[in-house]
Amino acid sequence: MNPTSALIVIGNEILSGRTQDANIRFLATHLGDIGAPLKEVRIIPDVRETIITTVNEMKARYDQVFTTGGIGPTHDDITSACVAEAFGVPLELHAESAALLEDHYGKDQFTTARQRMAMLPRGATPIKNAASIAPGFSIGNVHVMAGVPSIMQAMFHAVSPTLRRGQPIQSKTWYALGIYESVIAAALEAVQNRYPDLDLGSYPFKRADGRGGVALVAKGSDPANLAAASEAIHDLIAATGETPIEGEPKA
């Protein structure tokens, strides 16, 4: 069994629509590549009780949990304190992280606000940040990272070697022009029933020239089952009288 992963996106700015999240796709892709597929994503506000409750629930349900957002220097960056509370440990200045930040900013510029970024739950392991020095951290099966995409990605690459892994998730895609989901729905369901461990999806599309169709995707970690399901998808498209084309639809 592959390990399971979940993501908690923390930030009022995401829920209000002010900021568009750019981290979900990155994490879903990279976690799939290491065989630790993303099974759930929750987007929650900067509210103490909500963060604590969500962290406690998801760390009990999944093998590893990632959070993004809320670890900066401002008053609404409360993720670190909430994660500490979820684990029942104090939030305290992490000496090594503080020294790195002080060296980076200079002693005179290592303000109280910047010191907040060196406050970690007791027992947490810092996640190195090659993009902007201020660390994320890991505690238990929870990995806390920044919300800014470039910084989050740097943190993910730093923590990746420590993550639980399984068989990489692979995918096969076939599409055809001129078919509709209603035409292939029953046949696709039959394929899904034959391969319950795979994730089969149907995705309508429309090209710039106005022509449309459906792309059928099979995802999973078992190469033999994936190959067999891919062949079945090819055949069910062909049975409609249209030509199956391998890969993603062209724009």
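Everything below is about the structure printed above this text.
Structural notes, computed from the coordinates.

Quick notes on the rules
- Sequence order as written defines the numbering, with residues in each chain counted from 1.
- Restriction of local features to residues with pLDDT of at least 70 applies here, the model being predicted, together with a cutoff of 80 or more for giving and counting side-chain atom pairs; totals for whole chains, interfaces and linings are based on all residues.
- Only hydrogens and water are set aside when side-chain values are computed; all heavy atoms of the structure are taken into account.
- Two rings from Phe, Tyr or Trp (for Trp, the six-membered ring) form a pair when their centres are within 6.5 Å of each other. A pair whose planes differ by under 30 degrees is stacked, one over 60 is edge-to-face, and the rest are tilted.
- Counting from the N terminus, the helices are the DSSP runs of H or I reaching at least four residues and the strands are the DSSP runs of E reaching at least two.
- For every residue, the accessible area obtained with a 1.4 Å probe (protein chains only) is divided by the maximum for its type, and the residue is called buried under 20%, exposed over 50%, and partly exposed between those limits.
- Only when the NZ of Lys or the CZ of Arg is both within 6 Å of the ring centre and within 35 degrees of the ring normal is a charge said to sit over the ring.
- Every angle, taken between N-to-C directions, lies between 0 and 180 degrees, and every axis is a line fitted to C-alpha atoms, over only the stretch in contact when it is a helix.
- Comment on the angle field: the value is read as roughly parallel under 35 degrees, roughly antiparallel over 145, roughly perpendicular from 65 to 115, and oblique elsewhere.
- Less than a right angle of anticlockwise turn of the near helix away from the far helix marks a crossing as left-handed, whereas a clockwise turn marks it as right-handed.
- In what follows, a contact means two residues having at least one pair of non-hydrogen atoms within 4.5 Å.
- We call Asp, Glu, Lys and Arg charged. Ala, Val, Leu, Ile, Met, Phe, Trp, Tyr, Cys and Pro are nonpolar, and the rest, Gly among them, are polar.
- For two strands to be treated as a pair, DSSP must find no fewer than two bridges joining them.

Enumeration according to the criterion identifies three aromatic pairs in this entry. An angle of 90° between the planes, with centres 5.7 Å apart, marks the rings of Phe-26 and Phe-156 as edge-to-face. With a gap of 130 residues between them, Phe-26 in helix α2 (residues 24–33) and Phe-156 in helix α7 (residues 149–159) connect regions that are remote in the sequence. We note that Phe-26, like Phe-156, is buried. On the numbers, 6.3 Å between centres and 50° between planes, the contact of Phe-66 with Phe-156 is tilted. Placement of the pair is Phe-66 in strand β3 (residues 64–68) and Phe-156 in helix α7, with a sequence separation of 90 residues. Here Phe-66 and Phe-156 have matching classes, each one buried. One aromatic cluster is present, formed by Phe-26, Phe-66 and Phe-156 through successive ring pairs. Above the face of the Phe-87 ring, Lys-59 is positioned so that its terminal group lies 4.6 Å from the ring centre.

Where helix α8 (residues 181–194) contacts helix α9 (residues 223–238), the two axes come as close as 10 Å, and the packing angle between them is 165°. Taken as axis vectors, α8 and α9 run roughly antiparallel relative to one another. For the element pair α8 and α9, the recorded crossing hand is right-handed. Contacts between α8 and α9 involve Ile-184, Ala-187, Leu-188, Val-191 and Arg-194 on the former and, on the latter, Ala-229, Ala-232, Ile-233 and Leu-236. Split by residue class, the contact of α8 with α9 holds eight nonpolar, no polar and one charged.

Taking strand neighbours across the sheet as the criterion, the six strands line up as β2-β1-β3-β8-β7-β6 in an open arrangement whose pairing is mixed. Two strands close off the open sheet at either side, each with one partner strand: β2 (38–44) and β6 (125–127). Taken pair by pair, the neighbouring strands of this sheet meet at an average axis angle of 20°, ignoring direction. Sheet analysis places β3 next to strand β8 (residues 142–145), joined by four bridges and oriented parallel. Paired with Thr-67 across the strands is Val-144, a residue of β8. Sheet contacts for α7: β3, β6, β7 (136–139) and β8; angle to β8, the most-contacted strand, approximately 145°.

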